[in-house]
Amino acid sequence: MPPREQMCGTCVDSPWMCHWCPSSHRCVPEGPCPKEEILVYNQKVLTEEPQGPAACPSVGSNGEKHLIPVGIAMPLNLVAWNLPLLLGPVTLSCVLEVEGSLVSVPASLEEGDRGASYHVQCLPQAYSYIQPVPELRVPLYVMVGDDQHLDSRGDLHVTLYNCSAGRSDCSRCKAAPPHFRCVWCQSKEVSGCVYEELCPSKTGPIACPSPVIHSIYPLSGPLEGGISLTVTGSNLGHRFEDVAQTVMVAGLPCIPDPSMYLVSTRIVCDVSPGRRGLSGPVEVTVGDRPPGVSESYFTYQDPTLLDLHPKLGPMVGGTRITITGKELATGTEITAYVGDLPCILEEPVEPGAIVCRTSASSKPQEAPVWVHYGGVQRQLREKSFRYTPNPHLTGAFPSTSFYGGGRIIYVEGTNLDVVQQPLIKAVLEPEEVESKRKKRACDTLPGPNIPLTPAPPRPCAEVGDLLECWETCCTNSSTLLLCPSPAVPSNAQFRSLLFELDGLRVPFSNASGGQDFSYHPNPSLRWPGRDSTGRPFSLKPGNILDIEGEGLNLGISKNEVRVLIGNSACIIKTLTPTNLYCEPPLQPPQPLNASSLLPEFMVQMGNLRLDLGRVRYDTEPPSRFPPEAQIGLGVGAAVLAFVVLLLILMYRRKSKQALRDYKKVLVQLENMEISVGDQCRKEFTDLMTEMTDLSGELEGLGIPFLDYNTYTQRVFFPAQGDVPLRRVLDLPEGRRATVEQGLGQLSNLLNSKVFLLTLIRTLEAQPTFSQRDRCHAASLLSLALHGRLEYLTDIMQTLLSDLAAHCVSRNPKLMLRRTETMVEKLLTNWMSICLYSYLREVAGEPLYMLFRAIKYQVDKGPVDAVSGKAKRTLNDGRLLREDVEYRPLTLTVLVRGAGPGGGSETQRIPARVLDTDTITQVKEKILDQVYKGVPFSQRPSVHSLDLEWRSGVAGHLTLSDEDLTSVTQNQWKRLNTLQHYKVPDGATVGLIPRLHNDISQGTGQNFFSGENTPMLEDGEEGGVRLWHLVKPSEEPEPTRQQQDRRSSLRERAKAIPEIYLTRLLSMKGTLQKFVDDAFQAVLSVNRPVPIAVKYLFDLLDELAARHGVNEPETLHIWKTNSLLLRFWVNTLKNPQFIFDVRVSDNVDANLSVIAQTFIDACTTAEHKVGRDSPVNKLLYAREIPHYKQMVEKYYADIRQTVPASYQEMNSALTELSGKYSSDLNCLVALQELYNYINKYYDKIISALEEDPLGQRMQLAYRLQQIAALVENKVTDL
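Residues numbered from 1 in each chain as written. Predicted model: local features only at pLDDT ≥ 70, side-chain atom pairs only at ≥ 80, totals over all residues. Heavy atoms only, no water.

Asker: Describe the packing of aromatic side chains, and please don't skip the residues or the numbers.
Answerer: Counting across every chain of the model gives 26 aromatic pairs. Seen from their ring centres, Phe499 and Phe508 are 6.1 Å apart, and the 35° between their planes marks the pair as tilted. Look at Tyr711 and Tyr836: their rings are 4.7 Å apart centre to centre, the planes differ by 40°, and that puts the pair in the tilted class. Within this pair, whereas Tyr711 is found in helix α6 (residues 708-716), its partner Tyr836 is found in helix α12 (residues 836-860), the two being separated by 125 residues in sequence. Tyr836 shares its class with Tyr711; the two are buried. (Phe/Tyr/Trp six-rings, centres within 6.5 Å; stacked < 30°, edge-to-face > 60°. Helix = DSSP H or I, 4+ residues; strand = E, 2+ residues; numbered from the N terminus. Buried < 20%, exposed > 50% of the residue type's maximum accessible area, 1.4 Å probe, protein only.)

Asker: Which residues make up the packing of helix α8 (residues 753-764) against helix α26 (residues 1241-1250), and what are the values?
Answerer: Contact geometry of α8 with α26 gives a least axis separation of 10 Å together with a crossing angle of 130°. Here α8 is positioned oblique relative to α26, judged by the angle of their axes. For the crossing formed where α8 meets α26, the hand is right-handed. Across the interface between the two elements, Phe755, Thr758, Leu759, Thr762 and Leu763 of α8 pack against Lys1243, Ile1244, Ala1247 and Leu1248 of α26. (Axes fitted to C-alpha atoms, helices over the stretch in contact; angles between N-to-C directions. Parallel < 35°, antiparallel > 145°, perpendicular 65-115°, else oblique. Left-handed = near helix turned anticlockwise from the far one by under 90°. Contact = heavy atoms within 4.5 Å.)

Asker: Explain the pattern of salt bridges to me, using residue names and the numbers behind them.
Answerer: For the structure shown, the criterion picks out 42 salt bridges. For Arg357, the salt bridge identified is with Glu346, shortest N-O distance 2.4 Å. Here Arg357, found in strand β28 (residues 353-358), pairs with Glu346, found in the loop between β27 (341-345) and β28; they are 11 residues apart in sequence, far enough to count as distant. Taking relative accessible area as the criterion, Arg357 reaches 25% and is therefore assigned partly exposed. A salt bridge links Glu500 to Lys425; its shortest N-O distance comes to 3.1 Å. One end of the pair, Glu500, is in strand β41 (residues 492-501); the other, Lys425, is in strand β34 (residues 422-430), and 75 residues separate them in sequence. Across this residue pair, the class does not change: Glu500 and Lys425 are buried. Overlapping salt bridges, with partners in common, bring together Glu224, Arg276, Asp302, Glu327, Arg378 and Glu1215 in one network. (Salt bridge = Lys/Arg side-chain N within 4 Å of Asp/Glu carboxyl O.)

Asker: How would you explain the state of the cysteines if you had to name every residue and give the values?
Answerer: The final tally for this structure, using the stated rule, is 13 disulfides. Shown here is the disulfide that connects Cys11 with Cys27, its sulfur atoms set 1.9 Å apart. Its torsion about the S-S bond being 80°, the disulfide of Cys11 and Cys27 is classed as right-handed. Of this pair, Cys11 sits in helix α1 (residues 8-12) while Cys27 sits in strand β2 (residues 26-28), and the two are 16 residues apart along the sequence. Between Cys254 and Cys269 runs a disulfide, and the two sulfur atoms are separated by 2.0 Å. Looking along the S-S bond of the Cys254-Cys269 disulfide, the torsion reads about 95°, which is the right-handed sense. (Disulfide = S-S within 2.5 Å.)

Asker: How would you summarise the pairing of strand β55 (residues 945-951) if you had to cite specific residues and measurements?
Answerer: Summarising burial for β55: five of the seven residues are buried, a large majority. Two strands pair when backbone bridges link them, and β55 and strand β56 (residues 955-959) are joined in this way by five bridges, in the antiparallel orientation. Looking at the pairing, Trp949 lines up with Leu957 of β56. (Pairing = 2+ DSSP bridges.)

Asker: Tell me what's going on with unusual backbone geometry, and back it up with residues and numbers.
Answerer: With an omega dihedral of -10°, the bond running from His309 to Pro310 counts as a cis peptide bond. Mapping Pro310 onto the fold places it in the loop between β23 (304-309) and β24 (312-314). For the bond running from Phe397 to Pro398, omega is -5°, close enough to zero to count as cis. Structurally, Pro398 can be placed in the loop between β31 (392-397) and β32 (400-402).

Asker: Lay out a nonpolar patch on the surface with the relevant residues and their values.
Answerer: Residues Ile631, Val635, Val639, Phe642, Val643, Leu646, Leu647 and Met650 make up a contiguous nonpolar surface patch of roughly 770 Å² in combined accessible area. Summarising the element assignment, Val639 is placed in helix α5 (residues 627-701). (Patch = residues over 30% accessible without salt bridge, like charges linked within 9 Å, V, L, I, M, F, W, Y side chains within 5 Å. Areas by Shrake-Rupley, 256 points an atom, 1.4 Å probe, with all protein chains shown as cover.)

Printed below as a string of structure tokens:
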């Protein structure tokens, strides 16, 4: 459009006396116009000549609505006025601005009926536009010649419209305004919604196809209904009346909302009430056409609230609470309330948990917890959330820190333990980019000072125009918080420090009584060792070490600085702004890095850490006596003393060995029967006392069960770290949508039974498809079909029938003996899924009590940390056969805010240990007793802590498995124990964070590895071997004399180990009750049998009858292999599959004996034992016949129960699918499954093409489509 100042109407309507010359198209202050033009005067002039905007030559609409379909040449009719004012012949053209481009069309001019107006017709022209909109408003104006614009009266425009834009289906096409004349055309040349003249077919109106439902949302709702269900698709009616009464959800009517209806594409309806477990598709009927049916099912669920954590928080709100329950992810209209206050949802709602943040309350109160599902409410019964008075801060110190942070700020106040996540935040103003560059340039200037480098800090976040850096505070008690100062960038301007206590924000100045917090530049250090690069600093023992620097005490005090030389501390004496004085150890410490010869010198100030170099201790001046002579004299004296001692020992040994051994055998054999009975009763009494305490803890804290995701990961993929449950699709963003579409199609294709059976059989027929591949692929299928367990069960039933036919033709007793086929692994996974609830509700407690009882008994006796052998065990291979004297100790452990009751002041907790325990064993026992009931994954690592013995006010000694005091003799180094350090009964100890890793950490991790003795170096080259309780014997090649003596003592050597059978019997008798309880839970004694077990056993009975297997022994073996040996033995041996615990090698060895006993009880052969029977079988020789009877009765009871119907089993499987499927990552499982398909792609395609049913279903073609999407595979499509 031309500028308004160049238009006639604007000119003559201006407040100034401006006039318009029509032909020359000029606005002039006064006349006359050139070329004898008639002047159009300003409207303020009093004259009879033409004046005002009404006298201007102009053009306007003739009253018609200018609608032009794209692609159709149509004229435009306009009306023009006052054209005679334009002298000479007039050439007109119409100009349309279409998407920024000018389209000029010639126009014709005809005089009107009355002569005052003229008819202007823009000649026929076809228009088009690119924007995907149904209508486009296009400005229109008329030009005279090439550069003169006629004034437009009113809003002159044209509406272009495109019938196909936004009308991709028939219903939306029919819903277009009638005057658009859009029709749904189906012909070879044109397909879709077009202008009626563009459709070559003139057969009249075409009936729209049936509705198609693309998606429904949500997929579940409460039993009472009352939620909105959104149905999206195509051809869902072209007006609301088409679907007002025709929407059905799971067979029940769903009333649509007219205000939310979108023609053809969306229906929003209110769900009717239903019953629990009801599930079905959504159906939409339009007219007399067949209904559209959704692929997804809508399920009625009954959300139940069970628990709440935490149960209290401050009035100010902001507490992050977790509501646990069942079927909580029901629908999408989910809101939570604490009383009448909203609780803001923070994370997507999961089936088992809702996480929300509380709102502020005006007063302390007990408030019920509600969850609203649309118009339906659920209340947490018998439990409520308590609003407590807000925390109040009364003090905070110190008030300075370095930029590197990490300085502990002590925050005092009241009600501090009600805060769930206390934070300390530094608020800063980021500087300009130029300032940052200048600062960096200054920091990198060379100089003698070495700045302390900070450890990697927590990343800061931009909040508006500010920068916030934060750290999490530790709640020490209800009156004290320990907050490490946040690390801040040095190039930002610090504004303030504040404490964020859930919803309460308190500035540091308010807490400290008006004192502001300040940050100081990181200090720098220099010392003489840096004068020569790479050369260590020479240090004379006893001298005070002086380290110079700048700004050393601006942000820290002397007591907070740690200086280390190797693995020992350099005691700080003085800290000034420019000097640090410390007293180094008198003896050279061991380096932290085992590969280094000299100890390191390190300084740590909060998060700041610096390795200044190496330290060399200067030796004393050499004495006048040559070193060679000193060494020779010492060696000679040692050899002489050794020879004399050896002769004495040999004489005494030869004379007394026989008598001593004989008496020892007699005494032990005589007291064996009596001592075992008395010892068992005493040990059992102690154990029951401990288990009673444990039962009390479990009532409050619960058994540490693994969540379903981790449980599935460990059962489906044992001994695998990178499992599909932990990963996400690793794809470029450009390919993600396409690959996910392909994997979705693969998921749909797996629903074809023909395809899935052909796939499994083809894979198993490949010689390179190993047993491990079979198990892995079966677990991937279990994940992919977890949401359709009833279908997976059908597949497994078919494959089991094939396996039975194969085994019966060879040896039926070998069926399900191992896991060599995919169906056997599918059966294992299926049982694990179906019995998960039984594990948690019934069998979990006795199994956990058995595990804890074994661990308690093993820990009561000495355990050799190197060989792994223990005094108390059921496994003779793990039995410590030597008599080791030991004394139980009770240590007092100082704990600050640890354990399950964290948040209190320093506690003194008693811990039971042995004086023969290594330091690592002591730490493990302390952690077990301090963190009772806490899952193992949530405890601190034993290697992240040091054990400190505290005596008096200032007496602190850090204990370790190896240090300078370790006893080394003849290339054998003994691990340090409490006995070595002479730690008394009742001593006070504490666990402190370990600053650095050292040698003891590395070796300590290997002490429980089991069989081999760890060595620092090769023993033949003079290396040092480690030992703990018993030194492994080194027996050279025996001489003839030794062989003769050994043969004469053969009977004695055979008898002596049997004496230690008393220890095995004592352990067995003490644990007997817990073993019986576990077996009774496994065999469902006095309990209903899980429906999945009954269904499986009925299936095996049916297969046996079908294939003519009549031997009861064979059917007994099938049932034993499918359930007891396949699932329960694996569960008995691996508590870590269901509990969050650590299973040591000794506990594992005991569980293996119990599991082997269970295996023996499941066999049909008679249990016989003799002289040569293994000790493990002798232990339970009396109990195994009783256990056999329990197994037989278990099978008989199951056979006599009412058969599980197909409907009951399907209902249970459907409930399992909906309960846990959302926790699993199926996309990665589908991707890995596709990798197997891709590996044998040609074989699978050939098998599908050869199958007649597969040909009719076009399964090979569908797989080729999936391959094209997932990896751009070129196919014959």
